[in-house]
Structures are given as C-alpha cells and as structure tokens.
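# Examining the three-dimensional arrangement
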Amino acid sequence: MVSFAVSSDTSFTRLPAAPCLDCRVRGLFLKTSKLKVCASTTYNESSFQPHGLGVTTTARSSLINQSGNHSPKGFLHISDFDKDTIMHILRRAVELKSIIKSGDKNFQPLRGKSMAMIFEKPSMRTRVSFETGFFLLGGHAIYLGPDDIQMGKREETRDIARVLSGYNDLIMARVFAHQDILDLAKYASVPVINGLSDFNHPCQIMADALTIIEHLGGLEGVKVVYIGDGNNIVHSWLLLASVVPFHFVCACPKGFEPDHATVEKARNAGISKIEITNDPAEAVRGANIVYTDVWASMGQKDEAAYRYERFKGFQINEALMKLADPNVLFMHCLPAERGTEVTDGVIEASNSIVFPQAENRMHAQNAIMLYVLGL
C-alpha cells in the first residue's frame, strides 16, 4: 500500500511501498487532518471530498451506479453515433491538432482531470498517444498494466469499473474480450473509451478516417481496400461504413472473413458499398486506399505458422499496388511485420502514410476524449 507520514502542519510526504490498485490510483497529496489508505482506511470525512464533482461523500455515492442500469455515453463502437457526430469529432480533431502543432500551451481543457488506462494488451501507440494527448490537454493519465489489474481474475470487472469511476473522470481500456469493455461501460459512472478489443478498434479507425480526410479532402466516395485477416480493424471499418458513405472492400483468405453479422449490419444500413472477396488483385483495382494489418495478432502467435501459409498471395507488394489507382495511398495500423503482410518497399514508399496515420491516433483520441467528457 501507499504510506503517508503526517507532520504537524498537515503536509504529507509519500513513502515508497508496493501499491495496491486503490492506493495507486488514489495516491494523491490530500490535505486533511487524518488519513490512512488500504484495508484500514480512515479519514476525516468532513474535510475530504472525493475526486470529481466536489460534492460530499454521501452525495457522491448516490451518483455512482450500484446496479449497472445506467452508463454515460462513452466511445465503444463508431456505429453508436450518427454521421453528424462522427464528423463533428473528426473536425474537432483537426482543430486540436492545429492547436497542439502551434505550440500553444494555454489550451488545457483537461486541467484537474484524470484518466485510468487499463492495458490487458500492451501497446506502444495506444499508451503513448492517450497518455501524451491527455497530458498536452492538461490532464493526468494513470497506466494500469497486466500486473496492476486483472479483470475477472483478481477482481470482477464490475467492481473495477466502480472503483476507478470514484477516482477518475474517464476510463480507457485495451482488452482481449469485448465483453470486458461492455461490462466496464455498464457499471462505470464515468465515460469508457474502447482502446481496442477482440471485436473492434474504434479509435484506430477514427484516426484512419482523419488521415484520409487530410490527404484526400474527404471520406465519402473513397474506395478503401483492406487486405488480410477479417479482424477487429475490419469490423471497425464496417461499423464506420454503416454511418459514413464510402466504398469498403475486404479481401481475405477463405475462412478468415469478418464477422457475418457485422458485415450484414453495414450492408443493411444502405449507406456504403460493401464487398467481401477472396481475390486481392481484383479488390485493389481502382483503390484509393490500400490497407493491411499483421496476419497474426496478439494472442494468435501460436497460430502464426499456419496463418502465414494460409495468407500467401495476400501480401501488399509493389506489384499489387500497381493494380490500384495511380494515386493510391498505403495505410497500416502498425506494428508491421515487414516482409510478411507488406514489403519494406511499400511501407517506405512516398505514397505510404502510415506514420502520419500513427500520429493521428493522438489527435483523433483527443477529440474523442473531449467529446465524451462534454468539453
């Protein structure tokens, strides 16, 4: 646990110890006349106000959902929102990117706010983009890795959701099971952002949409061709296609198609043209964007050899790119296994926009965070 030494003038000195989850998140310097933490927690309730709204302990507890029947609007799936809202968030991302690029340090809408970041799956881009973005906007993000938090194992997800809601203004989670994201959102009393699940990856696709808009002037009417595994990236593209009109094609080996219900959801929306094929050469003809991802994602590495055999012929190489539109752009959500799903030549070519795409994770997510917080 985190220990505090109390001096006569009520200032606090933090002493090193092995923190539990509650104490790590709550390890703040609180000015109160009596404070301990962990199992024997006691404090002077008259002078202590919980994180968040500046209300009394009793009033705050009445606001926290104990039954899980209500949750604020977080960001779990792109299709939870209409086209106007998605485009509003993307426009806001452009504005926020401009402010950050200008070097203006006075714009800090997240000053005094904190975000808990749950990582069941490690990720350089997700952690750095969220943590840096939250900091640049004035807030403080707290990293909770696999050793800090084990949803459904060490502690039930519904309990974690309510504990973290008491300490933070926002929760972001990068998890394996999509149900964990749904449970976090169900029981949390603060917005929850899906940083990735095995079903979808909405923040990535919002960054991708932002990148396409920057390079092509818009998304509507663009032909986006994804070649590879019909995974969570594909599901997110399909959910975006159910809201914003564009032409989406997924070319994958037989047996690796995206979830059928998600494909039908996108098609039944009647907004975008949706194609699922097993022929990458035919798929890329006329493509404005060619996109791929690793063939074996985290948690699938034991299948890697089998997958590499099945995915032969689906590599993005120079010959395949020549079949696309002459002004085609290449995208990859990274990390890339160069020489496997994409050649080094393609990822380093002048029409590759993978690194502006990666940077836009932060800017798109900044806009998402401000939106769900009502800022």
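Above this text you will find the structure in question.
These figures come from a predicted structure and were not determined experimentally. Per-chain numbering applies: the sequence of each chain, read as written, is numbered from 1 onward. Since the coordinates come from a predicted model, pLDDT governs what is reported: local features require at least 70, and pairs of side-chain atoms require 80 or more to be given and counted, while whole-chain, interface and lining totals use all residues. For side-chain calculations, the full set of non-hydrogen atoms in the structure is used, while hydrogens and water are omitted.

## With respect to the sheet that holds strand β11 (residues 329-332)
Selection criterion: Between any two strands, at least two bridges found by DSSP are needed for them to pair. Under the scheme used here, helices are H or I runs from DSSP no shorter than 4 residues and strands are E runs no shorter than 2 residues, and both carry numbers assigned from the N terminus. Only the contacting stretch of a helix is used when fitting its axis, a line to C-alpha atoms as for every element, and angles between N-to-C directions run 0 to 180 degrees. Residues are treated as being in contact if the distance between any of their heavy atoms lies within 4.5 Å.
Ordered in space as β9-β8-β7-β10-β11, the five strands form an open sheet in which the pairing is parallel. Edge positions in the sheet fall to β9 (273-277) and β11, since each of these pairs with one other strand and no more. Strand after strand, the sheet turns through a mean of 20° between neighbouring axes, direction not considered. Packing of helix α8 (residues 232-241) onto the sheet brings it into contact with β7 (223-227), β8 (247-251), β9 and β10 (289-292), and relative to β8 it is tilted by some 160°.

## Description of the sheet that holds strand β4 (residues 140-144)
Sheets are built from strands paired through backbone hydrogen bonds, the pairs being either parallel or antiparallel. Pairing within the open sheet is parallel, and its four strands lie in the order β4-β3-β5-β6. The open sheet has two free edges, formed respectively by β4 and β6 (192-196), since each of these has just one partner strand. Averaged over neighbouring strand pairs, the angle between their axes works out to 20° when direction is ignored. Two elements, strand β5 (residues 170-174) and β6, share four bridges in a ladder whose sense is parallel. For Met172, the partnering residue across the bridge sits in β6 and is Ile193. Here helix α6 (residues 178-187) sits on the sheet in contact with β3 (114-119), β5 and β6, set at roughly 165° to β6. Running at roughly 155° to β6, helix α14 (residues 354-372) makes contact with β3, β5 and β6 of the sheet.

## Description of unusual backbone geometry
As a reminder of what qualifies: Only protein chains enter the accessibility calculation, which uses a 1.4 Å probe. A residue is then buried if its area is under 20% of the maximum for its type, exposed if over 50%, and partly exposed in between.
Cis rather than trans, the peptide bond between Leu334 and Pro335 has omega equal to 0°. Among the secondary structure elements, Pro335 is positioned in the loop between β11 and α13 (344-347). Of note, the phi angle at Leu196 is positive, near 150°, even though the residue is not glycine. Relative to the assigned elements, Leu196 resides in strand β6. A residue is classified by how much of its surface remains accessible, and Leu196, at 7% relative accessible area, is buried. Owing to a relative accessible area of 14%, Leu334 belongs among the buried residues under this scheme.

Treat this as a map of the structure, not an account of what it does.
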